[in-house]
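# Geometric and topological summary
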There are 2 protein chains.
Amino acid sequence: MQEEVEAWLKGLQDAICTGLETLDGAARFREDTWKREGGGGGRSRIIESMDSGFIEKGGVNYSAVYGTTPDFLRKEVRQLKPDLPDSSTEIFFATGVSLVIHPYNPWVPIVHMNVRYFRLNEEVQWFGGGIDLTPVFVVEDDARYFHSQLKKVCDRHQPNYYPEFKKGADDYFYIRHRDETRGVGGIFFDKLTTAPGISMDDRFRFLREVGELFIPVYSEIVNRNRAHTVNADEKEWQLLRRGRYAEFNLVYDRGTRFGLETGGRTESILMSLPPLAKWTYDFQPEKNSGQEKTLAFLKKGIDWA
Amino acid sequence: MQEEVEAWLKGLQDAICTGLETLDGAARFREDTWKREGGGGGRSRIIESMDSGFIEKGGVNYSAVYGTTPDFLRKEVRQLKPDLPDSSTEIFFATGVSLVIHPYNPWVPIVHMNVRYFRLNEEVQWFGGGIDLTPVFVVEDDARYFHSQLKKVCDRHQPNYYPEFKKGADDYFYIRHRDETRGVGGIFFDKLTTAPGISMDDRFRFLREVGELFIPVYSEIVNRNRAHTVNADEKEWQLLRRGRYAEFNLVYDRGTRFGLETGGRTESILMSLPPLAKWTYDFQPEKNSGQEKTLAFLKKGIDWA
């Protein structure tokens, strides 16, 4: 299965980069390949546009790393499988594609997706992933469209997928010290392994459909909003919302903190940070403004689908 | 001692705000007072200038909080005093002044200072604090001046203060994932309690001299550099260096993480974040540029004094 997943992920990275270049119309990805001390490596693809496209900064990263299992990973595996014998020769393998896009136009939402596969020796393997949308201004129709497309994919597999994974995203993409969700959420899932009536092949089929949904769904949302006019207040709000994005990624995001703590490649991990961000002391939106309406939507538990 | 410390800290906040307003020449602090659920509160003083002054954004915060001791604080106290009896009625008290100044001109360094006092019931009390300088471009003469002034104060008290506390700052203000120090360091110390030949009054006298050093030393450094001409590359580098500052504060700074995790007032805690910051993928400075020279100075163990 590992090889099949790796091959699919590489192909997915290629397809998404091509799709985003087409959508952008101007910028091109550049690639950095890197090796990890201790095993594995990756290929980071970065796009930074100064042209007429919509992407200000983005990255689509593929990585496949392996090696002796760090303690915190062992603990995590043993929480899932308490009967696993303790072994000093445990080798972990982790592979995935991770992307973040920061558009110029504040009416085009920031987007993030991650699909991943983890294996420990022969005994444990799982899939994880997620996709979430971070609008600078929440456009309700777009949030509904985004969630209904995710729900459609989930519902083709298991009836509990969408409600569980939607709640997973609400809980995960949450900036506790602001009591704000990062955006309008999406789906987030982890440790999908075999279950009664569900094989790893079933899980993989689901993951593939999530990954392959990205380009069509994000293209629709980009095309709906990319020509929107922009004023100075809207740009200002974009910078503040990007500040929140940086706060989430640096304070809470497990992938970011895991990467930084285990000596991953810093520039690849932090490609998710916004090109430019702003912190103004105690910003208060005007009554009935789009900013205020957006804040009201940055809550858990909104039924968008 | 608690009341004496509180009175001094409030006076220090006043004196520093007045000193910074005079130095800036244009901007004025505004004050927000706040209360903490569970005990205590503070007064945040914020300065954001759009005028002819040198401060782009800054804050000088005083707080005094108390209440039932959270678990992680108990643990910390017991590491210092393992013989302390376990009690369910422990009350902690913590007070301090904390400041960060982000100047407009990239030739004027960012500065941070913190002086604090902690007490648990009647059994444990200590002082802590630090002051460090984060130049966008390292000016060697300024770094030497800064450290020699700190050393002078330290040396008036104990011969081991400067070497220990200078190393403390190198180790603390360190961005591990970049293998860079935040700036040129300064001094950092914690848990200063009684020791053979050193009373709490001695420690307090040292803390006072550190706090009172701030205005004269920073004024000298500001005045040396505030009229420096600035070009676009230098502004760009300032934004990238501020990105590093945000990374340090959100990923590593214990005060920030402690505050966010214990439900402190978010806007007061995050006043330390830069007004505007930038992340460019894999920025590489030109050979022999001021940017490259600065990076070479962002290392531990440089003997500035």
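Overview of the structure. (Residues numbered from 1 in each chain as written. Chains lettered and ligands numbered in written order. Predicted model: local features only at pLDDT ≥ 70, side-chain atom pairs only at ≥ 80, totals over all residues.)

## Things to note about helix α4 (residues 161-172) of chain B
Residue and element names in this part refer to chain B. The cut-off we apply is this: Only DSSP runs of H or I covering at least 4 residues are called helices, and only runs of E covering at least 2 are called strands; the numbering of each starts at the N terminus. Expected helix span is taken as 1.5 Å per residue step, with the number of steps being one fewer than the number of residues. Each residue is classified by how many other C-beta atoms fall within 10 Å of its C-beta atom, where C-beta atoms are placed from the backbone; a count of 20 or more means buried, 12 or fewer means exposed, and values in between mean partly exposed. Residues are treated as contacting if the C-beta atoms built from their backbones sit within 7 Å of each other.
Relative to the 16 Å expected for twelve residues at 1.5 Å per residue, α4 spans 16 Å between its end C-alpha atoms, a close match to the ideal helical length. Taken together, the buried positions of α4 are Tyr161, Tyr162, Phe165, Lys166, Ala169, Asp170 and Tyr172. Residues of α4 that are buried in the fold lie against β6 (124-134), α3 (140-155), β7 (174-175), β8 (180-181) and β9 (185-192).

## Structural notes on the interface of chain B and chain A
Rules: Residues are grouped as follows: Ala, Val, Leu, Ile, Met, Phe, Trp, Tyr, Cys and Pro are nonpolar; Asp, Glu, Lys and Arg are charged; all remaining types, including Gly, are polar.
Between chain B and chain A, the residue contacts involve 22 residues of the former and 22 residues of the latter. Among the elements of the structure, β2 (40-48), α6 (232-252), α8 (266-269) and β10 (276-278) of chain B are those that each provide at least two residues to the side of chain B that touches chain A. For the side of chain B that touches chain A, the element with the most residues is α6 of chain B, which contributes four residues. Across the side of chain B that touches chain A, the residue classes tally to 14 nonpolar, two polar and six charged.

## Things to note about helix α6 (residues 232-252) of chain A
Taking 1.5 Å as the rise per residue, α6 of chain A with 21 residues should run 30 Å; its terminal C-alpha atoms sit 30 Å apart, in good agreement. Of the residues making up α6 of chain A, those classed as buried are Trp237, Gln238, Arg241, Arg242, Gly243, Arg244, Tyr245, Ala246, Glu247, Phe248, Asn249 and Leu250 of chain A.

## Describing the packing of helix α3 (residues 140-155) of chain A against helix α4 (residues 161-172) of chain A
Residues and elements named next belong to chain A. Heads up, the rule is: The axes are straight lines fitted to the C-alpha atoms, using for helices just the contacting stretch, and the angles between their N-to-C directions are given from 0 to 180°. Oblique is the label for every angle not falling under 35 degrees (roughly parallel), over 145 degrees (roughly antiparallel), or within 65 to 115 degrees (roughly perpendicular).
Packing of α3 against α4 brings their axes to within 8 Å, and their N-to-C directions diverge by 130 degrees. The angle between α3 and α4 places the two elements in the oblique class. When α3 is examined against α4, the residues Leu150, Lys151, Cys154 and Asp155 are found in contact with a partner set consisting of Tyr161, Tyr162 and Phe165. In terms of residue class, the contact of α3 with α4 is made up of five nonpolar, no polar and two charged.

## Re the sheet that holds β6 of chain B
All names here are of chain B. Quick note on the threshold: Strands qualify as paired when DSSP identifies two bridges or more between them.
Across the sheet, which stays open at both edges, the seven strands sit in the order β1-β2-β3-β4-β5-β6-β9 with antiparallel pairing between neighbours. The open sheet has two free edges, formed respectively by β1 (30-35) and β9, since each of these has just one partner strand. Here the strands of the sheet are splayed against their neighbours by 5 degrees on average, with no regard to which way each runs.

## Points about the environment of Gln158 of chain B
All names here are of chain B. Looking at the secondary structure, you find Gln158 in the loop between α3 and α4. Classification of Gln158 as partly exposed rests on a count of 16 C-beta atoms within 10 Å. Considering only alpha carbons, one finds Gln158 and Leu80, 78 residues apart in sequence, at a separation of 21 Å.

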